[in-house]
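Now for the letters of each chain:
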Amino acid sequence: MNVYDVLIIGGGAAGFFTAVNTAEKLPNAKIAILERGKEVLTKVKISGGGRCNVTHAEFIPKELSKNYPRGEKELLGPFHRFMTGDTMAWFEERGVELKIEDDGRVFPVSNDSQTIINCFLDQAEELGVNIKLKESVTDISPHNESWIVNTTNNTYSTKHLVVSTGSNPKMWKTLTKLNFTVKAAVPSLFTFNIKDYRIKDLMGLATEASVKVLDTNNLEASGPLLITHWGMSGPAILKLSAWGARILNDKNYQFKIAVNWRTHYSTEETFQELNVLKQNNSKKSPYTHAQFELPKRLWHKLLEASNISENQNWADLNNLQLQNLAEELTNGVYKVNGKSTFKEEFVTAGGINLKDINFKTFESKLYKNLYFSGEVLNIDAITGGFNFQNAWTGGYLIAEDIFKKS
């Protein structure tokens, strides 16, 4: 029997942050991380395109919590105790220089996720945290005042048990035996598959847009929209995929979206502006200059979709053509047929029911000294460093509670 004071299942971001903070507060405690794979922190390695987007520069707890389609209400209290500024200070105190990019995402100055991994590994080694690889957990059971954890290789006993296994169906199944309710997982961050002549051959083009899913109750988002070879991506689409994770899953990823390439302008306002353009540019072709700061290639596609030909001048356009163009600019309907997922940055909506957790400590309400951090919970966020912030906040508050109890 391997006996520990604190045992953490899962060698990812949440697991390491919990382990390091607990070891700092309790230098004499015997602490181990059990990782089922051959290496640790694999998701950290590939996150943010290999640069590791550690958090997001939003420093007001209420505003920060609004980025979590699942977990917004529950994380508000925890964010008042440990959030973005604390995360940045934590890494910088340990020698990791950080920078805030224009869109608010926070990265290491090195632009290399290995900087974050090295920080965790160095801290774990310095503080005497044991890292045990290829230890796949098969069973968890309470025993007297302790927890017994069985793996494929060993049996462990611990006073405090932390589960930080991310979106791991096997672990969720194990936890249901302990009477936890688990919300079934569905993809949360994904791009939309769209085959449409209006975006054909525009791969790599990005512009601001507002997008809404038709036949839903207010499911819409704004931000940069990226046209890809399979359809549409970028923050506007990823926000929609996160907020609509369950709705879009129920639709089997077959639905229609309306795209407003002018973001906040209405069809009527745009129609009026097109009439002004017609008057001011009567002898010019609409194809000569893209309007409304749209990329030229996209503008040409929308002209084509509005039945406006290259040999027409503005003066030649009739009301129907202008109306069609106003509609294409502000309310173009596109059919979505399936999704594409970032395999390496796979995020799901689903996990341990949040009603089973005390969010002052991230301890289970069903059992003492059993904690959960990270994506094993039914918490997920939009893209931009928010999922990591949930991991850091949970890990820190767990370490604090274990310290108080000890």
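Now for a look at the structure at hand.

The rules behind each value
Once a new chain begins, its residue numbering starts again from 1 and follows that chain's sequence as written. The model is predicted, so local features are restricted to residues of pLDDT at least 70 and side-chain atom pairs to those at 80 or more, both for listing and for counting; the totals for chains, interfaces and linings are taken over all residues. In computing side-chain properties, one takes all heavy atoms of the structure into account and sets aside hydrogens as well as water. Runs of H or I in DSSP of at least four residues are treated as helices and runs of E of at least two as strands, each being numbered from the N terminus. Note on contacts: a residue pair qualifies if any of its non-hydrogen atoms lie within 4.5 Å across the two residues. Whenever two N or O atoms come within 3.5 Å, that pair is a polar contact, provided that in protein one can donate a hydrogen and the other can accept it, and provided that, for residues adjacent in sequence, both atoms are side-chain atoms. By nonpolar core is meant a set of buried Ala, Val, Leu, Ile, Met, Phe, Trp, Tyr and Cys residues that side-chain atoms within 4.5 Å join together. Each residue's exposure class comes from its accessible area (1.4 Å probe, protein chains only) as a fraction of the maximum for that residue type: buried when under 20%, exposed when over 50%, partly exposed otherwise. In this analysis, axes come from line fits to C-alpha atoms, helices being fitted only over the stretch in contact, and the angle between any two N-to-C directions falls in the range 0 to 180 degrees. Angles are sorted into four bins: roughly parallel if under 35 degrees, roughly antiparallel if over 145, roughly perpendicular if 65 to 115, and oblique for all others. Crossings are sorted by hand: turned counterclockwise from the far helix by less than a right angle, the near helix makes the crossing left-handed, and turned clockwise it makes it right-handed. Just so you know the grouping, Ala, Val, Leu, Ile, Met, Phe, Trp, Tyr, Cys and Pro go in nonpolar, Asp, Glu, Lys and Arg go in charged, and all remaining residues, Gly too, go in polar.

Let's shift gears to the environment of Ser340. Within the element layout of this structure, Ser340 appears in strand E17 (residues 339-341). Separated by 151 residues in the primary sequence, Ser340 and Leu189 place their C-alpha atoms 9.1 Å from one another. Other than its neighbours up to four places away in sequence, Ser340 contacts Phe190, Thr191, Asn193 and Trp230. A polar atom in the side chain of Ser340 sits 2.8 Å from the side chain of Asn193.

Before going further, it helps to examine the nonpolar core. Membership of the largest hydrophobic core comes to 79 residues, with the highest contact counts inside it found for Phe91, Ile140, Leu175, Phe372, Leu377 and Trp392. Element by element, the count of residues in this core is highest for helix H13 (residues 386-405), at 8 residues. Excluding its chain neighbours within four sequence positions, the residues that come into contact with Leu175 are Ile140, Val163, Phe180, Ile352, Phe372 and Val376.

At their nearest, the axes of helix H1 (residues 13-25) and H13 sit 8 Å apart, and the two run at 30 degrees to each other. Taken together, the axes of H1 and H13 lie roughly parallel to each other. Remark: the crossing between H1 and H13 carries right-handed chirality. Together, Ala13, Ala14, Phe17, Thr18, Asn21, Thr22 and Lys25 of H1 and Phe388, Ala391, Trp392, Gly395, Tyr396, Ile398, Ala399, Glu400, Ile402 and Phe403 of H13 make up the contact between the two elements. Classifying every residue of the contact of H1 with H13 by side-chain character gives 11 nonpolar, 4 polar and 2 charged.

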